[in-house]
Every structure is written in structure tokens, then in C-alpha cells.
Amino acid sequence: MSEQLPAAAARLTAAVDRLADRFRAMPQSRLLGAVPGHPSRAAAVLALARRLADAGRALEGLPALEVPDCGAFAVGDQLAVTGHDLALAAGDGHPDVLAAALADVEATDGATG
């Protein structure tokens, strides 16, 4: 990103990028492996991407739109896009939203490790 993000937004994008990179490099057998609460690791990250997208759209005053299921190999990219969009929408005016999103990313990271 070329623009300078506030510290809380930068922490969110850094966490999102780490998790997204892990999923981009993950073999199919791990992507499709079940984790508590989800039929697969990929499904858990898709659910996270959907939550981040909903939060970002809400900050922009837009209705929720479901992030499509584009397959297990796309979830890393979907997570990166939705996480960065949320960080930009939140800026420095919504630290509570950023903190909740960061906690969600970290929880999903732990659950899918």
C-alpha cells in the first residue's frame, strides 16, 4: 500500500498479510482439512474474509455483500483484499472496529494453525 495507514490499521493489515501468505502457501490437503467449527481451514478463512468485508462495508454505509466461495486456493487473496479494504475504511476513526478485526484474525490464525 502506498498510503500511510494509522498504527491500528497497519497492525491489522500486517496480521492479515501474514495469515493470507500462510494460506497461499498451504497445500491442498491442509487447506481442506477440517478445523473446529468449520469443514475446512479454507472455509474458516473464507468466513473471516466475509466478516471483514461486512465490517468494512458497514463503515462505508453500504449493505453487506457475500464474498463468493471461489475455492480453497483463493481464500488467501480474498482475506488480503477484505482485510486491506477494512483497514482503509476504518482509518484512524474506528479503533474499536480495528481491534475487533485484529482479534478475529488472530483467533482464526490460531484455530487454523
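Everything that follows concerns the structure shown earlier in this document.
The shown structure was predicted, so the numbers you read here are calculated from the model rather than taken from an experiment.

Draft legend 1. Quick look at the environment of A64. Relative to the elements of secondary structure, A64 occurs in the loop between α3 (41-59) and α4 (75-90). A residue is classified by how much of its surface remains accessible, and A64, at 52% relative accessible area, is exposed. Measuring from C-alpha to C-alpha, the distance between A64 and F23 comes to 24 Å, with 41 residues separating the pair along the chain. Discounting chain neighbours no more than four positions away, the residues touching A64 are D54 and R57.

Draft legend 2. Representation of α4. Look at α4: 22 Å from first C-alpha to last across 16 residues, which is about the 22 Å you get at 1.5 Å a residue. Against the buried residues of α4 lie α1 (7-25), α3 and α5 (95-112). At the C-terminal side of α4, G91 shows a positive phi close to 50°.

Draft legend 3. The arrangement of the packing of α1 against α4 in detail. Where α1 contacts α4, the two axes come as close as 8 Å, and the packing angle between them is 175°. By the angle class used here, α1 and α4 are roughly antiparallel. The segment α1 lies against α4, with A9, L12, T13, V16, D17, L19, A20, F23 and R24 engaging V75, G76, D77, L79, A80, G83, H84, L86 and A87. Looking at the contact of α1 with α4 residue by residue, the classes come out as eleven nonpolar, four polar and three charged.

Draft legend 4. The arrangement of the nonpolar core in detail. In terms of nonpolar packing, the biggest core is built from 28 residues, with L12, F23, L52, L79 and V105 touching the most fellow members. Among the elements of the structure, α1, α3, α4 and α5 are those that each provide at least two residues to this core. Here this core gets seven residues from one element, more than from any other, and that element is α1. In this view, V105 contacts L12, A15, V16, L19, L48 and L52; residues no more than four positions away in its chain are not counted.

Rules and cut-offs
Residues numbered from 1 in each chain as written. Predicted model: local features only at pLDDT ≥ 70, side-chain atom pairs only at ≥ 80, totals over all residues. Heavy atoms only, no water. Helix = DSSP H or I, 4+ residues; strand = E, 2+ residues; numbered from the N terminus. Buried < 20%, exposed > 50% of the residue type's maximum accessible area, 1.4 Å probe, protein only. Contact = heavy atoms within 4.5 Å. Expected span 1.5 Å × (residues − 1). Axes fitted to C-alpha atoms, helices over the stretch in contact; angles between N-to-C directions. Parallel < 35°, antiparallel > 145°, perpendicular 65-115°, else oblique. Nonpolar A, V, L, I, M, F, W, Y, C, P; charged D, E, K, R; others polar. Core = buried A, V, L, I, M, F, W, Y, C linked by side-chain atoms within 4.5 Å.

Scope: geometric values only; no functional claims are made or implied.
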